[in-house]
Amino acid sequence: MAQFGIIGHKGRMGQALLKAVAAAGHEVSGGVDAGDSPGPLATRCDVLVDFSAPAALSANLAAARVAGTPIVIGTTGLEEDHHRMIDESAQYLPILQTGNTSLGVTLLAHLVRDAASRLGPDWDIEIVEMHHRMKVDAPSGTALLLGEAAALGRGIELASNSESGRNGHTGARAQGAIGFAALRGGTVAGDHSVIFAGDEERITLTHNAENRMIFARGAVKAAEWLIGREPGRYTMPQVLGL
């Protein structure tokens, strides 16, 4: 039985994590939210799980680093500076960062990477995602995760080979580009489709999230796996042995 510390525990994901931790036979040693210091929490738990906000990442990493506590980061909307912070902190403690903790999405990304590698640049790739009306970032962290998987399969950088926000007279689609489309509405927990469009044929790989509990259960599994690891930056595929 492990002691979990939940960062962002009053949010929707934090509440789901409370249930998932209990269902897995572990205990929650406490939680913090905006305005709270994560330091005391980090010292009394075996692992931290962070689903808060990008602005809180620096303080959360600092607390984990001082306490030597492993941390799972599921916060989305991270930028280049945030990833540099994670890389630096991973020299001193185990960190697992992901845009999606769902085990199903983890496997989907593996399939996307394989398909992109085998089909080649002649097949256009479009990633379509839909989330609830309250989501504040786009494309979603999961969509970007899938885009990175596709880019990795092709041996290219996503940042310089992506298209999004098409509007008006855009011209022809760039060959080899990875496109993104973001839809928002209702209470959708998260739908993602990766479309491989070739000449006269298409392949669509899809994952539908029906409840936030899938992310909470995946985060708990990731945290269980992370406890006791050597310092380093880890990923969800490693949790599944992919």
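The preceding data block contains the structure.
Since this is a predicted model, take the numbers as computed values, not measurements.

A.B. asks: Lay out a nonpolar patch on the surface in plain terms, naming residues and giving numbers.
C.D. replies: Residues L103, L107, L111, L240 and L242 make up a contiguous nonpolar surface patch of about 370 Å² in total accessible area. Its location among the elements puts L107 in helix 5 (residues 103-119).

A.B. asks: Please set out the sheet that holds strand 6 (residues 124-131) residue by residue, giving values where relevant.
C.D. replies: On the basis of which strands lie adjacent, the open sheet formed by five strands has the order 7-8-6-9-10 and mixed pairing. Two strands close off the open sheet at either side, each with one partner strand: strand 7 (162-164) and strand 10 (201-209). Strand-to-strand twist in this sheet, taken as the mean axis angle between neighbours without regard to direction, amounts to 20 degrees. Those strands touched by helix 5 are strand 6, strand 9 (190-198) and strand 10, and its axis lies near 165 degrees from that of strand 10.

A.B. asks: Mind laying out the packing of aromatic side chains, listing which residues take part and the relevant values?
C.D. replies: Enumeration according to the criterion identifies one aromatic pair in this entry. Centre to centre, the rings of W225 and Y234 are 5.3 Å apart; their planes meet at 80 degrees, and the pair counts as edge-to-face. Judged by relative accessible area, Y234 falls into the buried class, the value being 13%. Across from the ring centre of W225, 3.8 Å away, lies the NZ or CZ of R229, which sits over that ring.

A.B. asks: I'd like a rundown of helix 5, residues and numbers included.
C.D. replies: In this model, helix 5 (17 residues) spans 24 Å end to end at C-alpha, consistent with the 24 Å of a helix rising 1.5 Å per residue. Of the positions making up helix 5, those classed as buried are V105, T106, L108, A109, V112, A115 and A116. Residues of helix 5 that are buried in the fold lie against strand 6, helix 6 (141-154), strand 9, strand 10 and helix 8 (236-240).

A.B. asks: Give me the lowdown on the environment of T101, citing residues and values where you can.
C.D. replies: Secondary-structure assignment places T101 in the loop between strand 5 (94-97) and helix 5. A C-alpha to C-alpha distance of 8.1 Å links T101 and R217, two positions 116 residues apart in sequence. Those residues in contact with T101 that sit more than four places away from it in its chain are F51, I214, F215, G218, A219 and M236. At 2.6 Å, the side chain of T101 forms a polar contact with the backbone oxygen of F215.

A.B. asks: Tell me about the environment of R154, and please be specific about residues and values.
C.D. replies: Counting through the fold element by element, R154 comes out in helix 6. R154 sits 35 residues away from L119 along the chain, and the two C-alpha atoms are 9.0 Å apart. Residues within four places of R154 in sequence aside, it is in contact with A116, G120, P121, W123, D124, I125, G176 and A177. From its side chain, R154 meets the backbone oxygen of W123 in a polar contact 2.2 Å long.

Rules behind the numbers
- Residues numbered from 1 in each chain as written.
- Predicted model: local features only at pLDDT ≥ 70, side-chain atom pairs only at ≥ 80, totals over all residues.
- Heavy atoms only, no water.
- Patch = residues over 30% accessible without salt bridge, like charges linked within 9 Å, V, L, I, M, F, W, Y side chains within 5 Å.
- Areas by Shrake-Rupley, 256 points an atom, 1.4 Å probe, with all protein chains shown as cover.
- Salt bridge = Lys/Arg side-chain N within 4 Å of Asp/Glu carboxyl O.
- Helix = DSSP H or I, 4+ residues; strand = E, 2+ residues; numbered from the N terminus.
- Pairing = 2+ DSSP bridges.
- Axes fitted to C-alpha atoms, helices over the stretch in contact; angles between N-to-C directions.
- Contact = heavy atoms within 4.5 Å.
- Phe/Tyr/Trp six-rings, centres within 6.5 Å; stacked < 30°, edge-to-face > 60°.
- Buried < 20%, exposed > 50% of the residue type's maximum accessible area, 1.4 Å probe, protein only.
- Lys NZ or Arg CZ within 6 Å of the ring centre and 35° of its normal.
- Expected span 1.5 Å × (residues − 1).
- Polar contact = N/O pair within 3.5 Å; in protein donor to acceptor, adjacent residues only side chain to side chain.

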